[in-house]
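Summary of the model geometry
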Amino acid sequence: MKEENRINQIVFSRSPAVKDPSNVRVDESGALYSPNHIPRGERVKNVLLSAALLAYGTFGLWIDDLYLPGKRTSGIHLHGVPAQVMYLAMLCACANLLAVVVDHYDQRNNEHSYRRMAKLTQIAGWTTFVLALVLDLFVFRGH
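Residues numbered from 1 in each chain as written. Predicted model: local features only at pLDDT ≥ 70, side-chain atom pairs only at ≥ 80, totals over all residues. Heavy atoms only, no water.

Focus on the environment of R40
Mapped onto the elements of the fold, R40 is located in helix α2 (residues 40-62). With a relative accessible area of 64%, R40 lands in the exposed category. It is 9.3 Å that separates the C-alpha atoms of R40 and V101, two residues lying 61 residues apart in sequence. (Helix = DSSP H or I, 4+ residues; strand = E, 2+ residues; numbered from the N terminus. Buried < 20%, exposed > 50% of the residue type's maximum accessible area, 1.4 Å probe, protein only.)

Things to note about the nonpolar core
The biggest cluster of nonpolar side chains holds 11 residues, and these are L66, L68, I76, L78, A83, V85, M86, A89, M90, A132 and L135. Per-element accounting of this core gives the leading share, 5 residues, to helix α3 (residues 80-105). Those residues in contact with A83 that lie beyond four places of it in its chain are L61, L66 and L78. (Core = buried A, V, L, I, M, F, W, Y, C linked by side-chain atoms within 4.5 Å. Contact = heavy atoms within 4.5 Å.)

What to know about the state of the cysteines
A full pass over the atoms with the stated rule returns 0 disulfides. With no disulfide of its own, C92 lies 9.3 Å from the sulfur of C94, the closest cysteine sulfur. Given the relative accessible area of 16%, C92 is considered buried. Residue classification places C94 among the buried residues on the basis of a relative accessible area of 7%. (Disulfide = S-S within 2.5 Å.)

Points about the side chain of T121
Here T121 shows up in helix α4 (residues 111-139). A relative accessible area of 12% places T121 in the buried class.

Section: a nonpolar patch on the surface
A contiguous nonpolar surface patch, about 600 Å² in accessible area, is contributed by V81, V130, V134, L137, F138, V139 and F140. Broken down by element, the nonpolar patch gets its largest block of residues, 5 residues, from α4. Position of V139 among the secondary structure elements: in helix α4. (Patch = residues over 30% accessible without salt bridge, like charges linked within 9 Å, V, L, I, M, F, W, Y side chains within 5 Å. Areas by Shrake-Rupley, 256 points an atom, 1.4 Å probe, with all protein chains shown as cover. Salt bridge = Lys/Arg side-chain N within 4 Å of Asp/Glu carboxyl O.)

A short note on α2
If you check α2, its first and last C-alpha atoms are 33 Å apart, about what 23 residues at 1.5 Å a residue would give, namely 33 Å. Listed in full, the buried residues belonging to α2 are R43, N46, S50, G57 and G60. (Expected span 1.5 Å × (residues − 1).)

Here's what the structure looks like:
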């Protein structure tokens, strides 16, 4: 009963700490919060893009020719180790996209964990992307 009164008090005062007053929750420490709501369209887009990226990368790795199209050039074909490193970058991108979807369904007050995971996968993804290009251009070129 005490918890319900506290929730009602926050809902009626429209506290800025609560994103959606109709979906107020209390976490383990007794703090009020509103779980993230990610629109359905964004969730579907993230899942489909992640699946397409995973399929494209897996196929490219399987045939040992991971093609990256270019905007003003004919693109680049990665083979061997550079292709494998680029595939890791693609996996990081998939994890980043899917973290948003999982965060929507996770009702606990741990959005900070998802932000940290997003930052980590973003840094790891861009690092492996650049590493794959450097390996292809300077280490494995001509092999």
